Amino acid sequence: MGAAMIDTLNIATMPIADKVQRHMMASYYALQLDALQAEAKRLGYFFAQADTAATMPPVLAERLAWATEYRRKCYLYPNCPESWERQTTDSMSDGYAQEHCRSMLAALAALGIRLQEGPQACALLAAEECRQREKASLPPEPSPLSEVEVSSFVDEFFTKLDAPKEGVPT
């Protein structure tokens, strides 16, 4: 019994809370930085120790913000994959995602780490811009009928079906 008491530790202390909080925040941001890096790489960019950063075309800024915010939503709401896209779209439309991404890029810059343009960047960005334009010009998916519309359609159908036909003996 006495030995078990030696192993007991009060984890609700400031020094332990500080270390736990730093570890949790570090893993939270590591996931987002991974998404930032992967999306940058997909578009022909990379991060390096450098004095200046590559210019940030609007499509690049948007894709980096989208990728990091989407990863954040996946992490925060692991059991709700159906909501990730919608929540990310909301964060993009209110500007949160872009601001959050800018803040991460600024924190990296404070460490001397900046986005650099690879040789394929121009072609990959042009392709991404085309993809975005195509996506924007696609006709929207017809929304499925709501249950109310379906039931009123069914009611109407059967009402017409059951209505006595003129000139037909019943």
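1. Side note on helix α5 (residues 96–110)
Helix length check: α5 (15 residues) gives 21 Å between terminal C-alpha atoms against 21 Å at 1.5 Å per residue, within 8%. Taken residue by residue, α5 has Ala97, His100, Cys101, Met104, Leu105 and Leu108 as its buried positions. All buried residues of α5 project into a common sector of 135° when viewed along the axis, lining one side. Residues of α5 that are buried make contact with α2 (14–42), β1 (45–49), α3 (58–76), α4 (81–93) and β2 (113–117). Directly after α5, the chain includes Gly112, whose backbone phi takes a positive value near 85°.

2. So, the pattern of salt bridges
Two side chains that carry opposite charge are able to pair once their charged atoms sit near each other. Applying the stated criterion across every chain, the model contains 10 salt bridges. When the shortest N-O distance is used, the salt bridge between Glu128 and Arg42 registers 3.0 Å. A residue pair is termed long-range when its members are at least 10 positions apart, and Glu128 in helix α6 (residues 121–137) and Arg42 in helix α2 qualify at 86 residues. The partner of Glu128 in a salt bridge is Arg63, with the nearest N and O atoms 3.6 Å apart. Separated by 65 residues along the polypeptide, Glu128 in helix α6 and Arg63 in helix α3 bring together distant segments of the chain. The pair formed by Glu128 and Arg63 is uniform in burial state, with each residue classed as buried.

3. A short note on the packing of aromatic side chains
Pairs of aromatic rings are described using the distance from one ring centre to the other and the angle between the two planes. On inspection of all chains with the given rule, the structure shows 4 aromatic pairs. Taking the centre distance of 6.3 Å and the plane angle of 20° together, the rings of Trp66 and Tyr70 count as stacked. Taken together, the residues span about one helical turn, with Trp66 and Tyr70 both in helix α3 at a distance of 4 residues. Tyr70 sits in the partly exposed class, given a relative accessible area of 27%.

4. Topic: the nonpolar core
Formed by 18 residues in total, the largest nonpolar core has its most connected members in Leu36, Tyr45, Leu60, Leu64, Cys101, Leu115 and Leu125. Elements represented by at least two residues in this core include exactly α2, α3, α5 and α6. With 5 residues, α3 is the single largest residue contributor to this core. Excluding its chain neighbours within four sequence positions, the residues that come into contact with Leu115 are Ala40, Tyr45, Phe46, Phe47, Thr52, Ala53, Ala54, Met56, Leu60 and Leu64.

5. Details of a nonpolar patch on the surface
Side chains of Leu31, Tyr75, Leu76 and Tyr77 sit close together on the surface and give an oily, nonpolar patch of about 320 Å² of accessible area. Here Leu76 lies in helix α3.

6. Details of the packing of α3 against α6
Any two packed helices are characterised by how steeply their axes cross, that is the angle between the axes, and by the distance between the axes. Close contact between α3 and α6 brings their axes to 10 Å; oriented N to C, the two are set at 75°. For the element pair α3 / α6, the angle class is roughly perpendicular. Contact with α3, carried on its side by Val59, Leu60, Glu62 and Arg63, involves Leu125, Glu128, Glu129 and Gln132 of α6 and no other residues of that element. By residue class, the composition of the contact of α3 with α6 is 3 nonpolar, 1 polar and 4 charged.

Criteria and cut-off values
- The residue numbers shown here count from 1 along each chain, following its written sequence.
- Residues qualify for local features only when their pLDDT is at least 70, as the model is predicted, and side-chain atom pairs are given and counted only at 80 or more; totals for whole chains, interfaces and linings, by contrast, use all residues.
- Hydrogens and waters are ignored; side-chain quantities use all the structure's heavy atoms.
- Under the DSSP-based scheme used, a helix requires at least four consecutive residues in state H or I and a strand at least two consecutive residues in state E, with every element numbered from the N terminus.
- To estimate how far a helix should reach, multiply one less than its number of residues by 1.5 Å.
- Type-normalised accessible area, obtained with a 1.4 Å probe on protein chains alone, sets the label of each residue: buried when under 20%, exposed when over 50%, and partly exposed for intermediate values.
- Our arc is simply the arc of the directions from the helix axis toward the C-beta atoms.
- The contact rule is simple, with two residues in contact once any of their heavy atoms fall within 4.5 Å.
- Here, a salt bridge means any side-chain nitrogen of Lys or Arg that lies within 4 Å of a carboxyl oxygen of Asp or Glu.
- The aromatic pairing rule takes the rings of Phe, Tyr and Trp, using the six-membered ring of Trp, and pairs them if the centres are within 6.5 Å, calling planes under 30 degrees apart stacked, those over 60 edge-to-face and the rest tilted.
- Take the buried residues of types Ala, Val, Leu, Ile, Met, Phe, Trp, Tyr and Cys, join any two whose side-chain atoms come within 4.5 Å, and each joined set is a nonpolar core.
- Patch membership is restricted to residues that have no salt bridge and whose relative accessible area is over 30%. Joining uses 9 Å for like charges and 5 Å for the nonpolar side chains Val, Leu, Ile, Met, Phe, Trp and Tyr.
- A 1.4 Å probe and the Shrake-Rupley method give the accessible areas. Residues count as covered only by the protein chains that appear here.
- For helices, the fitted line uses only the C-alpha atoms of the stretch in contact; every axis is such a line through C-alpha atoms, and the angle between N-to-C directions lies from 0 to 180 degrees.
- To sort the angles, those under 35 degrees are grouped as roughly parallel, those over 145 as roughly antiparallel, those from 65 to 115 as roughly perpendicular, and the leftovers as oblique.
- For this classification, the nonpolar set comprises Ala, Val, Leu, Ile, Met, Phe, Trp, Tyr, Cys and Pro, the charged set comprises Asp, Glu, Lys and Arg, and every other residue, Gly included, is treated as polar.

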